[in-house]
Amino acid sequence: MTDSTHPAGTGANRMATITGGRSVLDDRHIPKLISIVGEERVSRRESDLTAHSVDESWADPALADVVVWPLSTEEISRILRYANEEDIPVVPWSGGSSLEGNPIPVQGGILLALYRMNEIVEVRDADLQVVVQPGVVYDDLNAELRRLGMFFPPAPGSSDVATIGGMVANNSSGMRSVKYGVTRRYVLKLKVVLPDGRVIVAGNNAKKSTSGYDLVGLFTGSEGTLGVVAEITLRVTGLPESVAAAVIPFDTLPEATSAVYECARYGLEASAIELLDAPVIRVTNTQQGLSLLEKPTVFVEFHGTDVYVQDQVEYLKEIAHDNGCLDFQLATDYEAREELWRAREAAHDSMKVSHPGCTMIAGDACVPISKFGEVVRFAHDLAEETDVTIYVFGHAGDGNLHTEAIGYRDDEEQFARAVEATDAIVNRALEVGGTVAGEHGIGFMKRHFMDQEHGESLKVMRSIKDLFDPKGIMNPGKVFPA
């Protein structure tokens with residue numbers, strides 16, 4: 001299999017239109033697919049192909065040859081077995097909320113839409129476990145678990161559309177990752193369909209194991225390049241007794257990032273520590289009707305017992321005042337907490353609405369916590385040097401820096417500057433010992449960084465890919481450089 005997409009790079013190279021690739025799927029293959037899932041779940045309609053041609057990234061659309069909606073592991077197995085025999089690309093699709101082009105079918109083929117496999121198969125409340133199909137939406141799962149006093153913590157920003165299958169594919173996380181960690185931490189067992197149609201079960205229902213290689217960890221975060229996850233057993237946790245949220249503005253970014261560092265350095269055990277720079281607060285105030293101080297602002301949340309949360313809040317107040325905070329707002333009841341957090345949760349949409357006609361170029365670098373403030377300042381200085389609007393925010397408690405550079409496709413030179421500025425921030429993160437992807441994965445948009453970050457290790461990753469998928473049919477054009 002050859003990769004016929006454009007080589008990834010900076011600026012104009014990465015803006016080239018992706019139009020599909022070497023798919024061999026044609027009319028003769030459609031009857032076979034219909035025989036597996038039925039005519040009503042196979043579509044070549046333009047509306048269906050278009051709906052599955054883009055995610056939330058700035059990648060150009062690419063059309064699959066056909067969309068297929070399986071409803072069972074057996075159907076997935078039969079589809080993959082046939083695709084492997086015929087050398088047809090297969091791209092798993094969950095919620096379509098990815099930010100790096102992860103599910104875009106850049107080489108055509110079969111778009112395997114998994115979101116109709118959305119059953120919560122079993123809740124094992126005695127073991128704090130749940131078994132789900134890949135199409136279950138994160139918020140829907142937690143709504144069901146909440147009735148039983150439990151929840152699944154990772155909390156991606158797109159929680160209302162993100163599916164558990166997509167979260168497993170990207171090893172997703174979110175605002176609570178500083179306390180609860182990433183998706184991989186909660187995946188106990190996976191039922192996986194391999195590219196040749198074989199079905200394997202990786203992992204078990206035990207809380208820990210030293211038996212064999214960690215295949216669960218390997219498939220989690222593999223972005224659909226090794227196989228298709230058909231069923232997931234998750235470890236969940238009990239709902240906290242008490243929750244408190246604080247919003248703390250500072251006069252300058254160095255003061256805000258210093259407070260974040262001291263929270264981590266001195267052992268504050270928050271469930272979330274978020275940073276929004278002043279421009280993010282400004283557009284969120286405008287778009288959401290809020291009245292927050294338009295200053296760099298730290299958002300912190302605590303989960304635990306009443307006494308524990310109270311102790312942690314007092315500790316946070318000391319750190320905040322030592323770093324010159326301008327205010328300290330605290331909320332403990334649900335509605336007040338939601339109001340305080342609205343600026344953070346609505347940040348992405350507020351930025352987008354504030355720049356009509358723009359393309360938002362997302363960054364997702366993660367750095368050692370001691371380097372977080374340095375990279376934040378680098379991003380701000382770069383925005384001034386390049387005359388590109390760059391919003392800076394992120395999961396500051398674990399060093400995960402999000403940026404949104406504002407580009408306009410009708411101005412090729414300006415758009416190239418916005419892309420190159422984002423790449424420069426990623427390069428800076430690598431220079432200080434960080435990674436190009438804190439939680440969004442690699443997809444198509446970041447694969448040009450993989451050699452730089454991983455070096456010789458990338459050859460081992462390629463060997464693993466070749467072992468599982470020797471014909472290269474699974475989500476081709478992703479993760480690995482062209």
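Residues numbered from 1 in each chain as written. Predicted model: local features only at pLDDT ≥ 70, side-chain atom pairs only at ≥ 80, totals over all residues. Heavy atoms only, no water.

1. With respect to the overall build of the protein
Thinking step 1. A count of helices and strands for the protein gives 17 helices and 18 strands.
Thinking step 2. With the C-alpha coordinates of the protein rotated into their principal frame, the extents come out at 70 × 60 × 45 Å.
Thinking step 3. Within the span of the protein, comprising 482 residues, buried residues form 56% of the whole.
Thinking step 4. A sequence separation of at least 24 residues applies to 72% of the contacts in the protein between residues at least 6 apart. (Helix = DSSP H or I, 4+ residues; strand = E, 2+ residues; numbered from the N terminus. Buried < 20%, exposed > 50% of the residue type's maximum accessible area, 1.4 Å probe, protein only. Contact = heavy atoms within 4.5 Å.)

2. What about the nonpolar core?
Thinking step 1. By size, the foremost hydrophobic cluster in this structure holds 52 residues, and its most contacted members are Ile248 and Leu316.
Thinking step 2. Here leucine 316 is in contact with Ala246, Ile248, Cys263, Leu268, Val300, Phe302 and Phe328, once residues within four sequence places are set aside. (Core = buried A, V, L, I, M, F, W, Y, C linked by side-chain atoms within 4.5 Å.)

3. Quick word on the layout of surface pockets
Thinking step 1. Considered as a void within the structure, the second largest pocket measures approximately 580 Å³ in volume.
Thinking step 2. What lines the second largest pocket is a set of 28 residues, among which Arg184, Gly221, Ser222, Glu223 and Ile442 lie closest to the centre.
Thinking step 3. Elements that contribute at least two residues to the lining of the second largest pocket include exactly helix 8 (215-219), helix 16 (450-454) and helix 17 (457-468).
Thinking step 4. Split into classes, the residues belonging to the lining of the second largest pocket amount to 11 nonpolar, 12 polar and five charged. (1 Å grid on protein atoms, 1.4 Å probe; cavity = no way out; pocket = protein on both sides within 12 Å on 5 of 7 lines; lining within 4 Å. Points joined across faces, edges and corners; volume = space filled by probe spheres on them. Nonpolar A, V, L, I, M, F, W, Y, C, P; charged D, E, K, R; others polar.)

4. Quick notes on helix 5 (residues 138-146)
Thinking step 1. Buried residues of helix 5: Tyr138, Leu141, Asn142 and Leu145, and no others. Relative to the axis of helix 5, the buried residues are bounded by an arc of 95° and lie together on one face.
Thinking step 2. Of the surrounding elements, those touching the buried residues of helix 5 are strand 5 (120-124), strand 6 (129-132), strand 7 (150-151), helix 6 (164-170) and strand 10 (228-235). (Arc of directions from axis to C-beta.)

5. Description of the packing of aromatic side chains
Thinking step 1. Tallied over the entire structure, the rule returns six aromatic pairs.
Thinking step 2. Summarising the aromatic geometry, the rings of tryptophan 58 and phenylalanine 415 are spaced 5.7 Å apart at their centres and angled 75° between planes, so their arrangement reads as edge-to-face. Of this pair, tryptophan 58 sits in the loop between helix 3 (46-51) and strand 2 (66-68) while phenylalanine 415 sits in helix 15 (residues 412-431), and the two are 357 residues apart along the sequence. Grouping residues by exposure puts tryptophan 58 and phenylalanine 415 together as buried.
Thinking step 3. Considering the side-chain rings of phenylalanine 152 and tyrosine 186, the 5.9 Å spacing of their centres and the 85° angle between planes classify their relative orientation as edge-to-face. You can see phenylalanine 152 sitting in the loop between strand 7 and helix 6 and its partner tyrosine 186 sitting in the loop between helix 7 (177-180) and strand 8 (187-193), a full 34 residues away along the chain. Tyrosine 186 matches phenylalanine 152 in its accessibility class, with the two residues each being buried.
Thinking step 4. Here the aromatic cluster, defined as three or more aromatic residues joined through ring pairs, consists of Tyr138, Phe152 and Tyr186.
Thinking step 5. The ring of tryptophan 69 has arginine 116 lying over it, and the distance from NZ or CZ to the ring centre is 4.5 Å. (Phe/Tyr/Trp six-rings, centres within 6.5 Å; stacked < 30°, edge-to-face > 60°. Lys NZ or Arg CZ within 6 Å of the ring centre and 35° of its normal.)

6. Section: the pairing of strand 10
The two faces of the sheet receive side chains in turn, since in a regular strand these alternate between them.
Thinking step 1. Most of strand 10 is tucked away, with six of its eight residues classed as buried.
Thinking step 2. Note: strand 6 against strand 10, four bridges, orientation antiparallel. Bridge pairing in strand 10 links valine 131 to threonine 233.
Thinking step 3. Pairing of strand 8 with strand 10, which is carried by six bridges, proceeds in the antiparallel orientation. Across the sheet, residue valine 193 finds its bridge partner in strand 10, namely valine 228. (Pairing = 2+ DSSP bridges.)

7. A look at the sheet that holds strand 15 (residues 329-331)
Thinking step 1. Spatially, the seven strands line up as an open sheet ordered 15-12-14-13-17-18-16, and their pairing is antiparallel. Looking at which strands have only one partner, the edges of the open sheet turn out to be strand 15 and strand 16 (359-366). Each neighbouring strand pair of the sheet contributes to a mean axis angle of 15°, computed without reference to strand direction.
Thinking step 2. In terms of strand pairing, strand 12 (residues 242-249) meets strand 14 (residues 297-304) through eight bridges, oriented antiparallel. For valine 243, the partnering residue across the bridge sits in strand 14 and is histidine 303.
Thinking step 3. Along the sheet, helix 11 (residues 306-322) contacts strand 12, strand 14 and strand 15; its crossing angle with strand 14, the most-contacted strand, is approximately 160°. (Axes fitted to C-alpha atoms, helices over the stretch in contact; angles between N-to-C directions.)

8. Examining the pattern of salt bridges
Where charged atoms from two side chains of opposite charge come close, those side chains can pair.
Thinking step 1. Counting across every chain of the model gives 21 salt bridges.
Thinking step 2. With a closest N to O distance of 2.9 Å, lysine 295 and aspartate 251 form a salt bridge. Residue lysine 295 is located in the loop between helix 10 (278-288) and strand 14, and its partner aspartate 251 is located in the loop between strand 12 and helix 9 (253-265); the two are separated by 44 residues in the primary sequence.
Thinking step 3. Salt bridges here are not isolated pairs; linked through shared partners, they connect Asp26, Arg28 and Glu86. (Salt bridge = Lys/Arg side-chain N within 4 Å of Asp/Glu carboxyl O.)

9. Observations concerning the sheet that holds strand 4 (residues 110-113)
Thinking step 1. Taken together, the four strands give an open sheet; going across it, the order is 1-2-4-3, and neighbouring strands pair in mixed fashion. A strand with exactly one partner marks an edge of an open sheet, and here the two such strands are strand 1 (42-43) and strand 3 (90-93).
Thinking step 2. As paired elements, strand 3 and strand 4 share four bridges and run parallel to each other. Residue pairing in the sheet places valine 90 in a bridge with isoleucine 110 of strand 4.

10. Some points on the side chain of threonine 284
Thinking step 1. Summarising the element assignment, threonine 284 is placed in helix 10.
Thinking step 2. Judged by its relative accessible area of 1%, threonine 284 falls in the buried class.
Thinking step 3. There is a polar contact of 2.7 Å between the side chain of threonine 284 and the backbone oxygen of valine 280. (Polar contact = N/O pair within 3.5 Å; in protein donor to acceptor, adjacent residues only side chain to side chain.)

11. Observations concerning the confidence of the model for the protein
Thinking step 1. For the protein, per-residue confidence averages 93 on the pLDDT scale, and 95% of positions sit at 70 or higher.
Thinking step 2. Low pLDDT, under 50, characterises residues 1-22; the predicted model gives this stretch 68 contacts beyond four residues in sequence or across chains. (pLDDT = per-residue confidence, 0-100.)

12. Some words on unusual backbone geometry
In most cases, non-glycine residues show a negative phi, while peptide bonds are predominantly trans.
Thinking step 1. Phi is positive for glutamate 223, close to 55°, though the residue is something other than glycine.
Thinking step 2. For glutamate 223, the position within the fold is in the loop between helix 8 and strand 10.
Thinking step 3. Not every positive phi belongs to a glycine, and valine 479 is a case in point at roughly 70°.
Thinking step 4. The topology assignment puts valine 479 in the segment after helix 17.
Thinking step 5. Valine 479 gets classed as buried once you look at its relative accessible area, which sits at 11%.

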